[in-house]
Amino acid sequence: MKIHTSRDVQLALKAGHPILALESTIIAHGMPFPDNLKFAQRGEALCRERGVTPATVAIINGEIYVGLEENLLKFIAEDDSVRKTSRRELGIAIAEKWHGATTVSSTMHIAHQVGISVFATGGIGGVHRGAEYSFDVSQDLSALAEIPMVVVSAGAKAILDLPQTIEMMETLGISILGYKTGEFPAFYSRESGILGIHSVGSDHEIANIYKANISSGISSAVLVANPVPEKNEIPIQEIESIINASCKAAVTQNIKGKDLTPFLLKDILGKTSGRSLETNRALAINNIKLGISVAKELA
Ligand code: PSU
Ligand code: MN
């Protein structure tokens, strides 16, 4: 696999300086333009301000990039031909010269190939509601099961069946850590009602658990579940009926497979008059901040 690493990423890799991997599906398919570009630029700037090299991953014309120059970041944010590309589609994207935005699964695969160990996203994919009929379970889970990295998230997206997602992660051997909470956060909301998550209090503790996993020969990921800041959350009682309505709309309009998550995020954005976008932005930035400190601990 030929990978274009940006100059900054190359230098940081050589010197052993901290690097934070970032995905591009959240930019291309998770948020509308131009809010997505502003979010991506802010995330990268935060990394730099705090002494960490950002490594946004994407595919341009079938070539893999780790670390995007400004013009490529803009392209990913703006261009309609950029396709959502998960791990199973990597070979297709390369051979068929796609422009691709990488999901959690493909970003983890690529970041791990170049030796980056920390990655921040918004919320991971998981077991969709009604998966007992649709079998729709995100590849994010199989990637988390197989790739030893620290992934910082605000839990799994609330559009999913969260209890089933947690069960599946247990089966797959994924270590879940609640950041300063024993309750699994629900993306837009801090609470999900799912208790019993192992709570950690610092970036140092996260780094130690990851190192202990590695030295034990464990090859699955450490998923950090970092609740959205209180001031930005949409309480679960408020968002749940909206999510239900959006899930119904997806069934009525026969939206399935890889189109489902982007459809739901967009539909919820409409139904909340943009409030969910602000929450998504805030939680993703909050995850980048924690990812930055964990990357520094591990460097
Ligand atoms: N987090 C967000 N917004 C997003 C995603 C994560 O806040 O759009 C993306 C990630 O790329 C994740 C994908 O891998 O959603 C999940 O898609 P699916 O459910 O089709 O696996
Ligand atoms: Mn799916």
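Since we're looking at a predicted model, the values are computed, not measured. (Residues numbered from 1 in each chain as written. Chains lettered and ligands numbered in written order. Predicted model: local features only at pLDDT ≥ 70, side-chain atom pairs only at ≥ 80, totals over all residues. Heavy atoms only, no water.)

1. Examining the pairing of strand β2 (residues 19-22)
- Here β2 shows two buried faces, one formed by Ile19 and Ala21 and the other by Leu20 and Leu22.
- Pairing of β2 with strand β3 (residues 53-60) involves four bridges; the strand directions are parallel. When the bridges of β3 are listed, Ile19 appears paired with Thr53.
- The pairing of β2 with strand β7 (residues 118-120) spans two bridges and is parallel. Paired with Leu22 across the bridge in β7 is Ala120. (Buried < 20%, exposed > 50% of the residue type's maximum accessible area, 1.4 Å probe, protein only. Helix = DSSP H or I, 4+ residues; strand = E, 2+ residues; numbered from the N terminus. Pairing = 2+ DSSP bridges.)

2. What about helix α9 (residues 162-172)?
- Inspection of α9 places Leu162, Thr165, Ile166 and Met169 among the buried residues, and these make up the whole buried set. Angular distribution of buried residues about the axis of α9 spans 100°; they occupy a single face of the element. Exposed side of α9, more than 90 degrees from the buried face: Glu170 and Thr171 are the residues found there.
- The inward-facing, buried residues of α9 abut α8 (139-146), β9 (175-179) and β11 (222-225). (Arc of directions from axis to C-beta. Contact = heavy atoms within 4.5 Å.)

3. Brief notes about the nonpolar core
- Leu20, Met108, Ile124, Leu144, Phe184 and Ile206 are the most contacted members of the largest nonpolar core, which totals 102 residues.
- Take this core: its biggest share by element is nine residues, from helix α13 (residues 275-298).
- Lining this core are residues from two domains, each supplying at least three of them: domain 1 (1-116) and domain 2 (122-299).
- With residues up to four places along the chain from it excluded, the contact list for Ile206 reads Val150, Leu177, Tyr179, Val200, Val224, Leu290 and Val294. (Core = buried A, V, L, I, M, F, W, Y, C linked by side-chain atoms within 4.5 Å. Domains from an automatic or database assignment.)

4. Some details on the pattern of salt bridges
- A complete count under the given rule lists nine salt bridges for this structure.
- Residue Glu240 pairs with Arg129 through a salt bridge whose shortest N-O separation is 3.0 Å. Placement of the pair is Glu240 in helix α11 (residues 236-252) and Arg129 in the loop between β7 and α7 (131-134), with a sequence separation of 111 residues.
- Each of Asp8, Glu44 and Arg48 takes part in salt bridges that share partners, so that together they form one network. (Salt bridge = Lys/Arg side-chain N within 4 Å of Asp/Glu carboxyl O.)

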